[in-house]
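# Fold and geometry: a report
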Amino acid sequence: MLIGTGDDAAVWRRPDGRALVSTVDFFPPVTDDAETWGRIAAANAASDVYAMGGRPLFALNIVVWPQDRLPLELLGAVLRGGAATAEEGGWQVLGGHTTEGPEPLYGQAVTGEVQADRLMRNGGAAADRSLVLTKPLGTGIITTAHKRLQPGDPALPESAFGAAVAEMCRLNATASELAAEARVTGATDVTGFGLLGHLQEMCAASGTGAALQVAEVPLLPEVASLAAAGYVPGGTGRNLAAVGRHLRFRSGEPDAVLLNILADPQTSGGLLLACPPEGAGDLVRALTAAGHAAAVIGETTGSVPAGEIELVLES
């Protein structure tokens, strides 16, 4: 029986009380290193399973490859990267499908499982919950700068790009487990719609509003300066157009740079968790101990209309 859906996932209840989660995602290269791209794509594909409190079981590769322009040896490196992430996360890659096309694309269709009574849902938040973000924002801005700038350009330090790659390769497995221990029932992963888009979807599905403490949102290195310099993905404008009418502001209005960061499309982003407030501090400390740059970034609230987000610009 179908019991729920996420951004790119469906949940099917089994007779034994557990549930299957099925999801798929794929995209073009975000880095010049083929194996790293494979790792990132596999981590991103499994993210919806983790966002629902599950664990991946197996996956099928999805590949579009321009074999007249790119050697198959390069595809082999991509698949090795995907297999390495799957091994790290404990799921098996059982095969897949490859077709020819003008642009290389890679990802996985992932099937996982979750205990049905521990399922975290996009619509599972409630008012007066603390909002916890488990990864810093900015992967879209940094990868856009990486594509446009020449190697070694001081505008994008290698350390900043390396930090973005590390976060994109990081699985959301530990964050999901810690969220379950903290009795989180409302969760989503932050991916293509950006933080604002995914938060608005969560609020609308849960029948609550949210107050976002902008200064508390963690960012990757150099993100603010890169956004100010115009290294903004094309999807950012679409995200802002979709969410703009749901925004309200406290203590003035944010500038365009800040809005672009909050709407930045993320690749393999973190989890956004609606946590009981009494456990939020312990959850962030546990996430930080596990290597996540996590933070409490606001709260859901009945004082803001359902589906609306209030940006709090000053604490």
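## A short note on a nonpolar patch on the surface
Taken together, the side chains of Phe58, Leu60 and Leu94 define a hydrophobic patch exposed on the protein surface, amounting to about 270 Å² of accessible area. Residue position: Leu60 is located in strand β4 (residues 55–65). Classification of Leu60 as partly exposed rests on a relative accessible area of 40%.

## Observations concerning the packing of aromatic side chains
Counted according to the given criterion, the structure contains 1 aromatic pair. Seen from their ring centres, Trp37 and Tyr106 are 6.4 Å apart, and the 85° between their planes marks the pair as edge-to-face. Here Tyr106 lies in strand β6 (residues 105–115) and Trp37 lies in helix α1 (residues 34–51), a separation of 69 residues in the sequence. Judged by relative accessible area, Trp37 falls into the buried class, the value being 2%.

## Section: the packing of helix α3 (residues 139–148) against helix α4 (residues 158–169)
For the pair α3 and α4, interaxial distance at closest approach is 10 Å and the crossing angle is 130°. The angle between α3 and α4 places the two elements in the oblique class. Considering how the two elements wind past one another, α3 and α4 form a crossing that is left-handed. Counted together, Thr139, Ile142, Thr143 and His146 of α3 and Ala160, Phe161, Ala164 and Met168 of α4 form the full contact between these two elements.

## Thoughts on the sheet that holds strand β8 (residues 186–189)
The mixed open sheet is built from 7 strands, whose spatial order is β8-β11-β7-β12-β9-β13-β10. On the outer flanks of this sheet lie β8 and β10 (247–250), each paired with one strand and no other. Sheet twist, expressed as the average angle between the axes of neighbouring strands with direction ignored, equals 25°. Each of β8 and β11 (271–275) is contacted by α1, which is oriented at about 180° to β8, the strand it contacts most.

## Structural notes on helix α10 (residues 277–289)
The terminal C-alpha atoms of α10 lie 19 Å apart, and with 13 residues this matches the ideal 18 Å at 1.5 Å per residue to within 8%. Within the sequence span of α10, burial applies to Gly279, Ala280, Leu283, Val284 and Leu287. Mapping the buried residues of α10 onto a view down its axis gives an arc of 145°, with all of them on the same face. Along α10, the residues that are exposed and aim more than 90 degrees away from the buried face are Glu278, Arg285 and Ala289. Each element contacted by the buried residues of α10 is listed here: β7 (130–133), α5 (173–181), β11 and β12 (295–301). Downstream of α10 by one or two residues, Gly291 has phi in the positive range, about 100°.

## Things to note about the state of the cysteines
In the structure shown here, the tally under the stated rule is 0 disulfides. No disulfide involves Cys275; its sulfur sits 15 Å from that of Cys203, the nearest cysteine.

## Some details on the environment of Glu278
One can find Glu278 in helix α10. In this structure the C-alpha to C-alpha distance between Glu278 and Arg13, which are 265 residues apart in sequence, comes to 31 Å. A polar contact of 3.3 Å, which involves the side chain of Glu278, links it to the side chain of Arg183.

## What to know about the pattern of salt bridges
Any two side chains of opposite charge can pair, so long as their charged atoms come close to each other. For the structure shown, the criterion picks out 9 salt bridges. Here Arg14 and Glu113 are joined by a salt bridge, their closest N and O atoms 3.6 Å apart. You can see Arg14 sitting in the loop between β2 (9–13) and β3 (18–27) and its partner Glu113 sitting in strand β6, a full 99 residues away along the chain. For Arg14, a relative accessible area of 24% puts it in the partly exposed group.

## Observations concerning the packing of α1 against helix α2 (residues 72–89)
The interhelical angle for the contact between α1 and α2, taken along N-to-C directions, is 40°, at an axis separation of 7 Å. Considered as vectors, α1 and α2 are oriented oblique to each other. The hand of the α1/α2 crossing is right-handed. Residues Ala34, Glu35, Trp37, Gly38, Arg39, Ala42, Ala43 and Tyr50 of α1 form the contact with α2, whose participating residues are Leu74, Ala77, Val78, Arg80, Gly81, Gly82, Ala84, Thr85, Glu88 and Gly89. Grouping the amino acids of the contact of α1 with α2 by side-chain chemistry returns 9 nonpolar, 5 polar and 4 charged.

## Focus on the nonpolar core
Core analysis: the biggest nonpolar cluster contains 29 residues, and Trp37, Val78, Ile142, Leu156 and Leu226 have the highest contact counts within it. For this core, the secondary structure elements donating two or more residues are α1, β4, α2, α3, α4 and α7 (223–228). Per element, the largest residue contribution to this core is 6 residues, and it comes from α4. If we skip the residues at most four places from it in the chain, Leu156 touches Ile142, Ala145, His146, Leu149, Phe161 and Leu226. Core analysis: the next-biggest nonpolar cluster, separate from the first, contains 24 residues, Ala125, Leu131, Ala295 and Leu311 among them.

Thresholds applied
- Numbering of residues begins from 1 in every chain and follows the order in which that chain's sequence is written.
- Per-residue local features are limited, in this predicted model, to residues with pLDDT of at least 70; the limit for side-chain atom pairs, both in listing and counting, is 80 or more; totals at the level of whole chains, interfaces and linings are taken over all residues.
- Here the side-chain values reflect all heavy atoms present in the structure, with hydrogen atoms and water set aside.
- Excluding any residue in a salt bridge, patches collect residues exceeding 30% relative accessible area, merging like charges within 9 Å and nonpolar Val, Leu, Ile, Met, Phe, Trp and Tyr side chains within 5 Å.
- For the accessible areas, the method is Shrake-Rupley and the probe is 1.4 Å, while residue cover comes only from the protein chains on display.
- Whenever Lys or Arg places a side-chain nitrogen within 4 Å of a carboxyl oxygen from Asp or Glu, that contact is recorded as a salt bridge.
- Strands here mean DSSP runs of E at least two residues long; helices mean DSSP runs of H or I at least four residues long; both are numbered from the N terminus.
- Classification of residues uses two cut-offs on accessible area relative to the type maximum, computed with a 1.4 Å probe and protein chains only: under 20% is buried, over 50% is exposed, and between them is partly exposed.
- Here the aromatic set is Phe, Tyr and Trp, taking the six-membered ring for Trp, and pairing holds for ring centres within 6.5 Å; pairs whose planes are under 30 degrees apart are stacked, those over 60 apart are edge-to-face, and all others are tilted.
- For every element, the axis is a line fit to its C-alpha atoms; helices are fit only across the contacting stretch, and the angle between N-to-C directions ranges from 0 to 180 degrees.
- Angular relationships are summarised with four words: roughly parallel below 35 degrees, roughly antiparallel beyond 145, roughly perpendicular across 65 to 115, and oblique for the angles in between.
- In this scheme, a crossing is called left-handed if the near helix is turned counterclockwise away from the far one by less than a right angle; it is called right-handed if the turn is clockwise.
- For this analysis, residues touch if any pair of their heavy atoms sits within 4.5 Å.
- By the convention used here, strands pair only if DSSP detects at least 2 bridges between them.
- Expected helix span is given by 1.5 Å per residue-to-residue step, counting one fewer step than there are residues.
- Arc, as used here, means the arc of the directions from the helix axis to the C-beta atoms.
- Disulfide assignment relies on a single distance test, namely cysteine sulfur atoms paired within 2.5 Å.
- Distance and chemistry together define a polar contact, namely a pair of N or O atoms within 3.5 Å, with one atom able to donate a hydrogen and the other to accept it when in protein, and with adjacent residues in sequence counting only for side-chain atoms on both sides.
- In this classification, Asp, Glu, Lys and Arg are treated as charged, Ala, Val, Leu, Ile, Met, Phe, Trp, Tyr, Cys and Pro as nonpolar, and every other residue, Gly included, as polar.
- We call a set of buried residues a nonpolar core when its members are Ala, Val, Leu, Ile, Met, Phe, Trp, Tyr or Cys and they connect through side-chain atoms within 4.5 Å of each other.

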